[in-house]
Amino acid sequence: MSDESAEVLNGVPVLAGPEAQYVEPAREPGVLSPVVVQTAAVVGASAVAGATVVALVRRRRVRKAAKKRRRVLAPVLASRSFLVDVHVLGERK
């Protein structure tokens, strides 16, 4: 490509040829691309959804355990504990 076929107008690059066209910048400096913004939104929404599921599962387990504790066959009037020592003996000789 020779210097004569390329033309610069007002510091803006143009394509050389019979139909010269303005070259659009890919994006403005300092502006995030839509793909980056969309990815960040998906990641954020996924994190919130995951935290919500964890909270709901924990809440359900806690409520289920509390419900199980309330189910009593008969009222307990007193409680006593004993120390039991068990020995397993072999045959006598």
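Our subject is the structure listed above.
Heads up: these notes are all about the structure in this document.

Calculation criteria
- Residues numbered from 1 in each chain as written.
- Predicted model: local features only at pLDDT ≥ 70, side-chain atom pairs only at ≥ 80, totals over all residues.
- Heavy atoms only, no water.
- Helix = DSSP H or I, 4+ residues; strand = E, 2+ residues; numbered from the N terminus.
- Buried < 20%, exposed > 50% of the residue type's maximum accessible area, 1.4 Å probe, protein only.
- Areas by Shrake-Rupley, 256 points an atom, 1.4 Å probe, with all protein chains shown as cover.
- Patch = residues over 30% accessible without salt bridge, like charges linked within 9 Å, V, L, I, M, F, W, Y side chains within 5 Å.
- Salt bridge = Lys/Arg side-chain N within 4 Å of Asp/Glu carboxyl O.

**Focus: the overall build of the protein**
Part 1: When helices and strands are counted, the protein shows 1 helix and 2 strands.
Part 2: When the helices and strands of the protein are read in sequence order from the N terminus, they spell out β-β-α.
Part 3: Looking at the protein residue by residue over its 93 residues, the buried ones come to 0%.
Part 4: A total of about 9900 Å² of accessible surface is found on the protein, and carbon and sulfur atoms cover 60% of it.

**A look at a nonpolar patch on the surface**
Part 1: Where nonpolar side chains cluster on the molecular surface, the patch consists of F82, V84, V86 and V88 and spans about 520 Å² of accessible area.
Part 2: Tracing the sequence through the fold places V84 in the segment after α1 (34-70).

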